[in-house]
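Coordinate inspection notes
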Amino acid sequence: MAERNQSTGDQNADVLPQEETEEEQNKVVLTLEILQTIKDAQQTHGLRHGDYQRYRGYCARRLRRLRKGLHFTCGNRHKFQRKPITEELLSEQRFLLIPLMEAERAWSYAMQLKQEANTEHRKQFHMVSRMKKAAGHAATLAKLCDSDKVDARTKLEAQAYSAWMQGSLEFEVQLWEMALNHFNEAKTIYEKLSSALPEDARMVYDLRVEDIKPSIRYCAYNIGDQSAMEDLLQMRVKSGAQGMLGDKLDELVAQTREKQAATISEVTWQGRTVSVKQEQVRLFLLSYQESSTDLQAAPDTNSKLEVYEKLLMDCKDAMQVLRAELREDPSARAAQAEGKTTQVGHLLTYLTYIRNTITIQRNLLMADTVKASLSPGGTVDGRRAAKPQDLVRLYDIILQNVEELRQLPGVQDDTTTSQNLEAQSDACKAYRSFYIAKSYAVSQKWKEAVALYDQALVQGKTALGLYASLPDSADRIAELEGLVAEVHANKSSSHASCILDSPTSPDEQDLTLNDTGANMVTFPPNFQPIPCKPLFFDLALNHVEFPSLQDRLAEQKKGGGIANMVKGWFWGGGNK
């Protein structure tokens, strides 16, 4: 009996490990790429254009589909009954998507309310309430992912997502230290995930890390780290932060410049020093001083153009302030009647000079962009191939701005400034003539093209002579020398095309346009007589007499036609 019990125990001992092994094999391990899932959904359903309302509607519809597909609805149409998701219910991936979509729905609603809160400040409280809900759903997702049924990567992603959402909430309610800790936690996890994954899967995590960095620096600045301010300003220029952080960075930039603008009390231009009392003008002058740093930090052409556009808008506002002050100041009218310029008037002239200078720099940058796309297969902003006419219009605008600068009071009295503007005008005219000539060459109007190339050569050499006597003009001289060489090459090509396409003999062409004195050959060559192929003619045909066919023609007239035949059949007519 004892032996039988012992053998039965040994059999049970053998069976139990096998059952445990089968349970381990049947165990479900859930995987959910949280960040990739929400990024794909956001880019597909509205957030590419900042449409949070559309994304919120998508999240609500997907939640309904998920609950219906899983038979996990919360009550019926008459009564709501919440069903919390527990660890025991985690049988498939879709159960993890439910809290994720709930968090995204609440977050997108909060971002929508944040946009609307600019005009309706009461919505700020509603926005904070929705952010709390989003953080709660993200924490629920992280708690569910702590289960053994979820793999390690999903656990880390859930922790990072929950930390980022909680940090975003604390950022909005200005709990800077707590927000900094949560942002750092999320950044650390995403960096670890990026380093552990293959290269093709790292991009989405690296982008999230770059999005978190400005928020971390802003929190550090508000805690008391003054060194973070410069980093934030550079981040604003380089990345153009938008959404939750963009407005706060703009506010930080404005506050910083207001503090620095207090140090600008006077400016000197054209040998005259005037005081600056207007706050708007001080802020613009400070922005203008810092613009060179912003342009160097800008990563691409579009970012540089944004810097120029913002400067022009600030300059316009400052000039409006000065004009309003001039209208209200009676002494300014009296001084203007006497031909004198007040301090405000001189300052307005200086701002006009700066505005035209910025406009010229912006248009030159746009011209360089168009020049780069004139090569075969080039495009302008990814839309169409560039044409020489595009550059002609840009240089027309630049010439107008240069002429406005030359007409400003006091500019002609400054020899260096006047000579610089004259050289710049001649250079723009040379470029304008060059691209008009290229337009004619495209239309195969060779004579007009050659004449315009000659004009461009004269204007380019004149500009070179003026720049040679100006300091710090090495770059402009090198650029104009390249233009002159290109004009020579295009002129020779157009001259040759003109000769080839001319209907008259090459010997009669006026070769005075040929600067090189090259020997021109006759092309195409003259015709020469050669033996021709014999032709055969039938000369005997003119001497052949054909027989007469008059008798046959008479018989046909006598026999009648089809009408006589039909008449004979029906009415008995015909030959009898």
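Residues numbered from 1 in each chain as written. Predicted model: local features only at pLDDT ≥ 70, side-chain atom pairs only at ≥ 80, totals over all residues. Heavy atoms only, no water.

As annotated in an unreviewed UniProt entry, the chain is Signal recognition particle subunit SRP68 from Branchiostoma belcheri. In its Function (unreviewed entry) section, UniProt records this for the chain: "Component of the signal recognition particle (SRP) complex, a ribonucleoprotein complex that mediates the cotranslational targeting of secretory and membrane proteins to the endoplasmic reticulum (ER). The SRP complex interacts with the signal sequence in nascent secretory and membrane proteins and directs them to the membrane of the ER." Check the Sequence similarities (unreviewed entry) section of the UniProt entry for the chain; it says "Belongs to the SRP68 family." (UniProt positions renumbered as here; feature names shortened; annotations may be inferred.)

So, about the packing of aromatic side chains. Enumeration over the complete set of coordinates arrives at 19 aromatic pairs. Between F171 and F183, the aromatic rings sit 6.2 Å apart at their centres with planes inclined by 65 degrees, giving edge-to-face as the arrangement. Of this pair, F171 sits in helix 6 (residues 152-172) while F183 sits in helix 7 (residues 176-196), and the two are 12 residues apart along the sequence. With a relative accessible area of 0%, F171 lands in the buried category. The buried category is assigned to F183, whose relative accessible area is 0%. Counting every residue linked through ring pairs, the aromatic cluster contains F171, W176, F183, Y218 and Y221. Here the basic side chain of K83 rests over the ring of F72, its NZ or CZ set 6.0 Å away from the ring centre. Of note, R208 hangs over the ring of W164, and the distance from its end group to the ring centre comes to 4.5 Å. (Phe/Tyr/Trp six-rings, centres within 6.5 Å; stacked < 30°, edge-to-face > 60°. Helix = DSSP H or I, 4+ residues; strand = E, 2+ residues; numbered from the N terminus. Buried < 20%, exposed > 50% of the residue type's maximum accessible area, 1.4 Å probe, protein only. Lys NZ or Arg CZ within 6 Å of the ring centre and 35° of its normal.)

This part is about the pairing of strand 1 (residues 266-269). The alternating pattern of strand 1 places V267 and W269 on a buried face and E266 and T268 on a face that is not buried. As consecutive antiparallel partners, strand 1 and strand 2 (residues 272-275) are separated by 2 residues, and within that stretch Q270 has a phi angle of approximately 55 degrees, a positive value. (Pairing = 2+ DSSP bridges.)

A few words now on the pairing of strand 2. Of the pairings in the sheet, the one linking strand 1 to strand 2 comprises 4 bridges and is antiparallel in character. Paired with V267 across the strands is V274, a residue of strand 2.

Let's shift gears to the packing of helix 2 (residues 34-44) against helix 4 (residues 94-116). Put simply, helix 2 and helix 4 touch, their axes get as near as 12 Å, and they point 50 degrees apart. What the angle tells us is that helix 2 and helix 4 run oblique. Of the two possible hands of crossing, helix 2 and helix 4 adopt the one that is right-handed. Packed against helix 2, whose contacting residues are I34, T37, I38 and Q42, the element helix 4 presents L97, L100, E104 and W107 at the interface. (Axes fitted to C-alpha atoms, helices over the stretch in contact; angles between N-to-C directions. Parallel < 35°, antiparallel > 145°, perpendicular 65-115°, else oblique. Left-handed = near helix turned anticlockwise from the far one by under 90°. Contact = heavy atoms within 4.5 Å.)

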